[in-house]
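# Structural characterization, general
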Amino acid sequence: MSQGNQIQLKPLSILQVPLYSYQKDFTFIVNGEEFKTSRIFSDLISSKISQMHSNDPTFDTFYINTL
C-alpha cells in the first residue's frame, strides 16, 4: 500500500512568512478594544479560530471579555 506524498512544514519556515504584509481582515475585540490582524495570523495563534474558519469562512471577529 502506497503512503503517497508527504509535505512537512519546518517551524523556521513560518517565521519567515511576512505576516505583517497580509490584509488585516480579522478583528479581536478584547474588553471592548479592537485589535486588527490577518486571518492567517488569527488561525496560527488559535486552533479554535482556525476551526471556526473551517466551518464558516466569513467569520471575522472574535470577542474576549476578561472583566
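Everything discussed here concerns the structure shown above.
Bear in mind that the values here come from a model prediction, so they are computed numbers and not experimental data.

## Points about the sheet that holds strand β3 (residues 61–64)
Strand order in this open sheet of three strands is β2-β1-β3, and the pairing throughout is mixed. Pairing within the sheet leaves two strands with one partner each, and these edge strands are β2 (33–37) and β3. Each strand of the sheet is rotated relative to its neighbour by a mean of 20 degrees, with strand direction disregarded. Sheet topology note: the strand β1 (residues 26–30)/β2 ladder contains five bridges and is antiparallel.

## Topic: the nonpolar core
F26, F28, I49, F59 and F62 together form the largest nonpolar core, which totals five residues. The residues touching F62, leaving out its near neighbours within four places in the chain, are F26, T27, F28, I29, K48, I49 and M52.

Cut-off values and rules
Residues numbered from 1 in each chain as written. Predicted model: local features only at pLDDT ≥ 70, side-chain atom pairs only at ≥ 80, totals over all residues. Heavy atoms only, no water. Pairing = 2+ DSSP bridges. Helix = DSSP H or I, 4+ residues; strand = E, 2+ residues; numbered from the N terminus. Axes fitted to C-alpha atoms, helices over the stretch in contact; angles between N-to-C directions. Core = buried A, V, L, I, M, F, W, Y, C linked by side-chain atoms within 4.5 Å. Buried < 20%, exposed > 50% of the residue type's maximum accessible area, 1.4 Å probe, protein only. Contact = heavy atoms within 4.5 Å.

Everything listed here is a matter of coordinates, which is why it stays silent on function.
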